[in-house]
Structures are given as structure tokens and as C-alpha cells.
Amino acid sequence: MADPTRRVLKEEVLTYAYILLYIALSSGQIFFNKWVLSSKEMNFPYPLGLTLLHMVFSSVLCFIVTKVFKIIKLEEGMTLELYTTSVSIGAMFAMTLWLGNTAYLYISVAFAQMLKAIMPVAVFVLGVAAGLEMMSCRMLLIMSVISFGVLVASYGEINISWIGVVYQMGGVVGEALRLIFMEILVKRKGLKLNPVSVMYYISPCSAICLFIPWIFLEKPKMEAQGTWNFQPLVLTLNSLCTFALNLSVFLVISHTSALTIRVAGVVKDWVVVLLSAILFADTKLTVINLFGYAIAIAGVAAYNNHKLKKEATRGGSSDSQDAESVALVPPATPNR
């Protein structure tokens, strides 16, 4: 009896370790990105270039992990038609990361995190427009609660920058569109991929989509400075953290469930909001901020619960689908 008990205990400890690793890497990546971009810290104010570096680094590492060392099996079933669909997902992913990281130049990490709580509203509205969701009184109430909470949190923001708000909202729309395309790719076309397989296919597409605007928007600015202020070790570590975050998502999903990763995501959001007030001088939290964010998070929790129950009634929730949603959501998409 001792051996089975010890085995179960070991599995539980390992599971909690993976969850803590995900929370640490996800929140840490957000702080790392802010530190790199901030003019008061490392002063590398090129969010497009930073995001491009992440995608190139991720593409190379995914190839090494899946094709060279074959540590993680690459899911089969990707056809030319499906890869064409993944190009649109890669473009939306690139848009999300680019705009989200740019927002850090104008608003605090905590406020950016509060604004991102509006994500379920954007996903639901676009889902209704695409015929993937059905409008109901319950969902309308949940969306209203989330929207009200975000509005209250925004009202309580002391140093608000509308430029930063626009960039962050643009990132939210990009992420919502990516999730809609992912829904079509997974449900309508029947393809199920683990997070590493998703990054293997999506990262090169995102890198190309980021490279073109980088040439016209940031490359001239970097050349005009005379020096790119490029610190290879720091930026390599930053990119490595991004890749490690996606691996942690893979580990959590494979050892737990979709519900666990969503709960961990909520915990991570609060960790980011509270710790950013200690780590960054531009973060000034108010009681109204926290009250509004608590309302929004309550709405997000209700939304997640509703979605999971809905999936259960359809024959069980799809962990693979949720894995992609988390893997390409923040860093974290890396900026979340």
C-alpha cells in the first residue's frame, strides 16, 4: 500500500510544481518584457523587434526540440489547406504580441493586465458574429459584469495613457481573432495540436508577419540611434523564457486539465497586478483599480465555468483546444 500512496503523492507534488512553474514563468516573462522595453531599465524601446526576436528564437528551438532531438513528438495531420489557415493565426498572433508589448511603453503592467480582462467579451462578440457562439441572457449578463469591472478599473487608473489603451485594445482584438481562427482550425477541421506543435507551425508565420513592418517602422529608428543597444545575453534569456513558458503550458496540460490551467491563469493575473506595484515605479494601484479588477475577474471566472460546462455537455472538454488557447494567449502570449 505504501508504494501506490507514495506514487500518488509524488504525482501530486510534481503537478503542483508544474503549475507553480507556469505561474512563475508567465508572470516573470511579463515583467522581463517590461524591464527590457522600459526607458528607465534596459531601454530597448523596440517592441516590434523584441517580438520578432521571440518568434525567430521560438521557431529555431521548436525545430531543434521536435526534429533534431525529437524530445517532443510533432503532431501529424497538417495539410496545405490547414497550414494556410495557420498563416492567418500566425498573423493575428503577431499582431497580439506586437501591440501588447507596445502598450507597455505607455501604460503600467498592472493596468495592461486589467484591460486584458476584457478578452472574453471580445472573443464572445466575434464568436457570435462568426456563428460560433449563441447569444443568451446568461452570457449577456456575464459580458456586462466583465465590461463593468474593466470600466471601473480604468476609472481608478491614475496615470492613464489613451495611446497605451488603444494599443492594448488592439492586442485584445488580435488575440480574440486568433482564438476564433483557432476554434475553426480545431473544431471545424478536426485538427488537434499540442502547444509545441502549434508554436512549430505558427512561429515562422508570425516571424514573417513581424519582419515586414519591422523593416519600415523600427529598423530606421534603430539605425538612426547609431547603436541598436543590443545586449545579446539579456535578449537571448528573454527569448528563452518565452519558449520555456510554452513548454510549461505543455507540461501543465499533460498532467492536469483545462480547468486547472484556467485557474492558474487567474492566479497569475493577480500575481502580476500586485507584484508590478512593487517592481515598477509607474504602477500606482488604487482601491478603485482593485475593486473593478475583482469584478472583472469574477466575470471571467463565470465565463470559464460556463464554457467548460458547455464543452462537457458536448461529450467532454477538449484539453487540446484549451492547450492551444493558453499556449498562445500570453506569454502568456509572452506579453500576457
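Definitions and limits used
Residues numbered from 1 in each chain as written. Predicted model: local features only at pLDDT ≥ 70, side-chain atom pairs only at ≥ 80, totals over all residues. Heavy atoms only, no water. Helix = DSSP H or I, 4+ residues; strand = E, 2+ residues; numbered from the N terminus. Buried < 20%, exposed > 50% of the residue type's maximum accessible area, 1.4 Å probe, protein only. Areas by Shrake-Rupley, 256 points an atom, 1.4 Å probe, with all protein chains shown as cover. Salt bridge = Lys/Arg side-chain N within 4 Å of Asp/Glu carboxyl O. Expected span 1.5 Å × (residues − 1). Polar contact = N/O pair within 3.5 Å; in protein donor to acceptor, adjacent residues only side chain to side chain. pLDDT = per-residue confidence, 0-100. Contact = heavy atoms within 4.5 Å. Axes fitted to C-alpha atoms, helices over the stretch in contact; angles between N-to-C directions. Parallel < 35°, antiparallel > 145°, perpendicular 65-115°, else oblique. Left-handed = near helix turned anticlockwise from the far one by under 90°. Bend = angle between axes of the 7 residues up to and from the residue.

Participant: Explain the overall build of the chain to me, please; I cannot follow it from the model alone.
Facilitator: A tally of regular secondary structure across the chain gives 13 helices and zero strands. Secondary structure elements in the chain, listed N-terminal to C-terminal, are α-α-α-α-α-α-α-α-α-α-α-α-α. In the chain, buried positions account for 52% of the 336 residues. Carbon together with sulfur atoms contributes 70% to the accessible area of the chain, which is approximately 15,500 Å² in total.

Participant: Whenever I open this one, the pattern of salt bridges confuses me. Can you help?
Facilitator: Where charged atoms from two side chains of opposite charge come close, those side chains can pair. For the structure shown, the criterion picks out five salt bridges. In this structure, R178 engages E175 in a salt bridge whose closest nitrogen and oxygen atoms are separated by 2.9 Å. Note that R178 and E175 are positioned in helix α7 (residues 162-188) at a spacing of three residues, about one turn of the helix. Residue E175 is classed as buried on the basis of its relative accessible area of 0%.

Participant: Is there a simple way to explain helix α10 (residues 232-255) in this structure?
Facilitator: One full turn of an α-helix is made of 3.6 residues, so residues set three or four places apart face in the same direction. Taking 1.5 Å of rise per residue, 24 residues should cover 34 Å, and α10 covers 34 Å from first to last C-alpha, within 8% of that figure. Within α10 the residues assigned to the buried category are V234, L235, N238, S239, T242, F243, L245, N246, S248, V249, V252 and I253.

Participant: What am I meant to see in the side chain of Q29 here?
Facilitator: With respect to the secondary-structure elements, Q29 resides in helix α1 (residues 2-37). Looking at Q29, the relative accessible area reads 1%, which means it is buried. Among the polar contacts listed, one links the side chain of Q29 to the backbone oxygen of N238, at a separation of 3.5 Å.

Participant: What am I meant to see in unusual backbone geometry here?
Facilitator: Among all residues except glycine, the phi angle is most often negative; among peptide bonds, the trans geometry is most common. Positive phi is not limited to glycine here, since K70 has a value of about 55°. Looking at where K70 falls in the secondary structure, it is placed in the loop between α2 (47-68) and α3 (80-103).

Participant: Even after reading the chapter, I still don't get the confidence of the model for the chain, so can you show me in this structure?
Facilitator: Do not read the predicted coordinates in detail wherever pLDDT is low. Mean pLDDT over the chain stands at 84; residues scoring 70 or higher make up 86%. When the criterion is pLDDT under 50, residues 316-332 qualifies, and its contacts beyond four places in sequence or with other chains add up to 58 contacts.

Participant: Looking at this structure, how should I read the packing of helix α6 (residues 137-155) against helix α12 (residues 287-313)?
Facilitator: Relative orientation and spacing of two packed helices are given, respectively, by the angle between their axes and the distance between those axes. Relative orientation of the contacting elements α6 and α12 amounts to 160°, with a least axis distance of 7 Å. The orientation of α6 with respect to α12, classified from their angle, is roughly antiparallel. Between α6 and α12 the crossing geometry is left-handed.

Participant: Before we go on, may I ask you to explain helix α8 (residues 195-217) in this structure?
Facilitator: Along its 23 residues, α8 runs 30 Å from first to last C-alpha, staying within 8% of the 33 Å computed at 1.5 Å per residue. When the local axis directions of α8 are compared, the greatest deviation, roughly 35°, occurs at I202, which is followed within four positions by the proline P204.

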